[in-house]
Amino acid sequence: DCALYYGGTRLETADRIEFIQLKYSAANPEMLWSVARLSTSTAKKGNNSVIRKMADDFKAAKKRMKQGAQIKIRLVSNQNLSEELRKALNTRWSGPFDSAGVDDTTADSLKRLNDASGLTAEEFQNFLETLDFSECGSGSRFALREKIVAAVTDLLGNDVSSEVRELQVRI
């Protein structure tokens, strides 16, 4: 949904790149992101799962980025992570799916994510290090709007409603 470039205006020149996948649910904010949900594809041909889209961005960016540039792939959602997914993402796994130090359930979760990503085991290990799901389970759009208004007020002063509207239009 969004790409941020720091220190440059494109992949080839930026020092740091962040790809942000935004997923907001007004109907089911309590629904959790699970391994199954992250890796499920709804396409009749190909794979359009969330993890595949993120992995495709990662792989394409790695080919074009300058040497030494950092990349982060973020999922931002008002929906939180399941414990199964949280545990898999927090595991510093050394593959190829040997369960040395990793319980069978977590190893299975990692294998499912790797298979859905379409990456090689080595690429997947590097991909895992770039993932940031820390903004999953964050508040509603209304709570986010309140935070934005507070931040803009801190910068500009009292009545910032027109500035916030202008920022929203630009975004």
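A few points on the structure. (Residues numbered from 1 in each chain as written. Predicted model: local features only at pLDDT ≥ 70, side-chain atom pairs only at ≥ 80, totals over all residues. Heavy atoms only, no water.)

What to know about the overall build of the protein chain
Part 1: Scanning the protein chain from N- to C-terminus turns up seven helices and four strands.
Part 2: The linear arrangement of helices and strands in the protein chain, starting from the amino end, is β-β-α-α-β-α-α-α-β-α-α.
Part 3: Each principal axis of the C-alpha atoms in the protein chain carries an extent, and together these give about 60 × 40 × 35 Å.
Part 4: Split into buried and exposed, the 171 residues of the protein chain put 35% on the buried side.
Part 5: Taking contacts inside the protein chain between residues at least 6 apart in sequence as the whole, the part at least 24 apart equals 64%. (Helix = DSSP H or I, 4+ residues; strand = E, 2+ residues; numbered from the N terminus. Buried < 20%, exposed > 50% of the residue type's maximum accessible area, 1.4 Å probe, protein only. Contact = heavy atoms within 4.5 Å.)

Quick look at helix α4 (residues 104-117)
Part 1: Along its 14 residues, α4 runs 20 Å from first to last C-alpha, staying within 8% of the 20 Å computed at 1.5 Å per residue.
Part 2: Looking at α4, one finds that the buried residues are Thr106, Ala107, Ser109, Leu110, Leu113, Asn114, Ala116 and Ser117.
Part 3: For α4, the elements touching its buried residues are α1 (35-39), α2 (50-64), α3 (83-90) and α5 (121-130).
Part 4: Its side-chain oxygen at 3.1 Å from the backbone nitrogen of Thr105, Asp103 defines the N-terminal cap of α4. (Expected span 1.5 Å × (residues − 1). Polar contact = N/O pair within 3.5 Å; in protein donor to acceptor, adjacent residues only side chain to side chain.)

A word on the side chain of Thr91
Part 1: Mapped onto the fold, Thr91 is located in the loop between α3 and α4.
Part 2: Note on Thr91: relative accessible area 16%, which makes it buried.
Part 3: Setting aside residues no more than four positions away along its own chain, Thr91 makes contact with Val102, Thr106 and Leu110.

Looking at the sheet that holds strand β1 (residues 2-6)
Part 1: What the four strands build is an open sheet, ordered β1-β2-β3-β4; its pairing is mixed. The two strands at the open ends of the sheet, each matched to only one other strand, are β1 and β4 (131-136). Pairwise comparison of adjacent strand axes, ignoring direction, gives a mean angle of 20 degrees for this sheet.
Part 2: As defined by bridge partners, strand β3 (residues 70-77) adjoins β4 across four bridges and the pair is classed as parallel. (Pairing = 2+ DSSP bridges. Axes fitted to C-alpha atoms, helices over the stretch in contact; angles between N-to-C directions.)

Looking at the nonpolar core
Part 1: Ranked by internal contacts, the top residues of the largest apolar core, which has 32 residues, are Leu38, Leu85, Phe127 and Phe133.
Part 2: Put simply, the parts of the chain that give this core at least two residues each are β2 (16-23), α1, α2, β3, α3, α4, α5 and β4.
Part 3: The residues touching Phe133, leaving out its near neighbours within four places in the chain, are Leu38, Met54, Leu75, Leu81, Leu85 and Leu89. (Core = buried A, V, L, I, M, F, W, Y, C linked by side-chain atoms within 4.5 Å.)

Description of the packing of α4 against α5
Part 1: In contact at an axis separation of 10 Å, α4 and α5 are set at 105 degrees when each is read in the N-to-C sense. One way to sum up the angle between α4 and α5 is to call them roughly perpendicular. Of α5, the residues touching α4 (which contributes Leu110, Leu113, Asn114 and Ser117) are Ala121, Phe124 and Leu128.
Part 2: Of the residues assigned to the contact of α4 with α5, the class counts are five nonpolar, two polar and no charged. (Parallel < 35°, antiparallel > 145°, perpendicular 65-115°, else oblique. Nonpolar A, V, L, I, M, F, W, Y, C, P; charged D, E, K, R; others polar.)

Notes on the side chain of Gln21
Part 1: Position of Gln21 among the secondary structure elements: in strand β2.
Part 2: Assessed through its relative accessible area of 12%, Gln21 is described here as buried.
Part 3: Reaching out from Gln21, the side chain makes a polar contact with the side chain of Asp1 at a distance of 3.5 Å.
Part 4: Those residues in contact with Gln21, other than ones at most four positions away along the chain, are Asp1, Val50, Arg74, Leu75 and Val76.

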